[in-house]
Amino acid sequence: MTTAGQLGTAPESAGGRRVGSPVVSVVATTPETVLADVERAMRLAGAERVLSTDVETLLKINISWQHWYPGCSTTPWQLEGVVRGLQNMGHRNDGLIAAHNGTVVVDSFEGEVNNKHKPVQDKYGLRTVHLDTPPEPWVLYEPKAEMQVLYDIYPEGIEIPALFAGKNIVHLPTMKTHVFTTMTGAMKNAFGGLLHRKRHWTHSVIHETLVDLLAIQQEIHPGIFAVTDGTFAGDGPGPRAMRWHIKDRIVAGADQVAVDAVVASMMGFDPLSIKFIRLAHERGLGVGDMRDIEVVGDEPDISRVNWNFADNENTFASQGQKLIYWGPLKPLENMLLRSPLAGWAYAASNVYHNGYWLNTIGKGRVRKALRTEWGRLWAEGY
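Residues numbered from 1 in each chain as written. Predicted model: local features only at pLDDT ≥ 70, side-chain atom pairs only at ≥ 80, totals over all residues. Heavy atoms only, no water.

Draft legend 1. Focus on the environment of Arg84. Mapped onto the secondary structure, Arg84 falls in helix H3 (residues 76-88). Given a relative accessible area of 36%, Arg84 falls into the partly exposed group. Along the sequence, Arg84 and Leu35 sit 49 residues apart, while their C-alpha atoms lie 7.6 Å from each other. Apart from residues no more than four positions distant in its own chain, Arg84 is found in contact with Leu35, Glu39 and Tyr124. (Helix = DSSP H or I, 4+ residues; strand = E, 2+ residues; numbered from the N terminus. Buried < 20%, exposed > 50% of the residue type's maximum accessible area, 1.4 Å probe, protein only. Contact = heavy atoms within 4.5 Å.)

As structure tokens, then:
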């Protein structure tokens, strides 16, 4: 079990950085070398030490939209690079499990096809599970750590997938912004895996929820690792209605807080100003202070990287949600989002994203992305 001390919370050394600081790798990549570059990022960040070959390993795929949109969901080369890297580190294919989750607005079966995860899964013969779909069972779990909000949201008890306990997990997020959490990455990738379809009930306390979930992960997984794809990165009102940018980077590490801190810093944000990073850092679940994170790989001075991504943009849909979660409509939250009336919100989101935004803005951006070298890899390589 990985402990907070192993993740870099030891006393400061004479050089100023803590002894045992978490290592996060930042690797430059190209479409021609990306599979090898993913493995290099994993090895630089210590994946072999963290992920035992003696237990099965979950590959937690991120599908933020069932449609392909640059920077939105796990890329096929990200998934394949991790599978090949784990193979080369001694993991057996039959011990690797591709784990998907749907949401109230995203179909994971459609998403794994449209985002070209399925060809990779089939190529390597991976066992594939869709966590929100029978027969995958969910079980009650009583965390040892104190929960900040999950028992308030789920007083009947916290359920997790029965499949998860005792297995390693590798998170496969992308580098993108988010309308509710500023950025989304390694920590938020657990949101889809560890919570069921009522996970949207936690949106009003999303930062505390992510910290609770990280505490649970550190109890149930022998090894936790993240490989974040920044080949395409998303800026603006994510996770869907974003502007894509080619950034040619892979970020990897075992400390989920540190990985997200490095990604946030590269985007141009102060990591400790992002609430879930700060809360996890303060609870000793990882390291969110860039001064105490060792960055290795192809960025010799990570402090000079600033992509100036925007953190204050909304879509029409997110503006409405924020009025409910944190605005004048807060007293109506239970009625609007936790009753049979909630269907209106899902329908509105689908109409906006899958109807209006995709057809008026998104498809044009997709066509432009397909003319890039990464777009050609997506279109022709998988």
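Draft legend 2. Spatial organisation of the packing of aromatic side chains. Applying the stated rule across the entire model yields ten aromatic pairs. Here the aromatic rings of Tyr69 and Trp357 are separated by 5.5 Å at their centres, their planes lie at 70 degrees, and the arrangement is edge-to-face. Highlighted residues: Tyr69 in the loop between strand E2 (57-61) and H3 and Trp357 in helix H13 (residues 343-370), separated in sequence by 288 residues. You can call Tyr69 buried: its relative accessible area is 1%. Owing to a relative accessible area of 4%, Trp357 belongs among the buried residues under this scheme. Geometrically, the ring pair formed by Trp307 and Phe309 is tilted, given 5.6 Å between the ring centres and 45 degrees between the ring planes. Looking at Trp307, the relative accessible area reads 16%, which means it is buried. Since its relative accessible area comes to 7%, Phe309 is described here as buried. (Phe/Tyr/Trp six-rings, centres within 6.5 Å; stacked < 30°, edge-to-face > 60°.)

Draft legend 3. Fine view of the packing of helix H9 (residues 256-267) against helix H10 (residues 275-282). Two numbers describe how H9 lies on H10: the axes approach to 10 Å, and their chain directions differ by 145 degrees. Our pair here, H9 against H10, has a crossing hand that is left-handed. Residue-level inspection shows Val257, Asp260, Ala261 and Ala264 of H9 in contact with H10, the latter providing Phe276, Ile277, Ala280 and His281. Within the contact of H9 with H10, the residues separate by chemical class into six nonpolar, one polar and one charged. (Axes fitted to C-alpha atoms, helices over the stretch in contact; angles between N-to-C directions. Left-handed = near helix turned anticlockwise from the far one by under 90°. Nonpolar A, V, L, I, M, F, W, Y, C, P; charged D, E, K, R; others polar.)

Draft legend 4. Region of the structure containing a positive patch on the surface. On the surface, a cluster of positive charge is made up of Lys363, Arg367, Lys368 and Arg371. Its place among the elements puts Lys368 in helix H13. With relative accessibility at 51%, the residue Lys368 sits in the exposed group. (Patch = residues over 30% accessible without salt bridge, like charges linked within 9 Å, V, L, I, M, F, W, Y side chains within 5 Å. Areas by Shrake-Rupley, 256 points an atom, 1.4 Å probe, with all protein chains shown as cover. Salt bridge = Lys/Arg side-chain N within 4 Å of Asp/Glu carboxyl O. Lys, Arg positive; Asp, Glu negative; His and termini not counted. Charge placed at Lys NZ, Arg CZ, Asp CG, Glu CD.)

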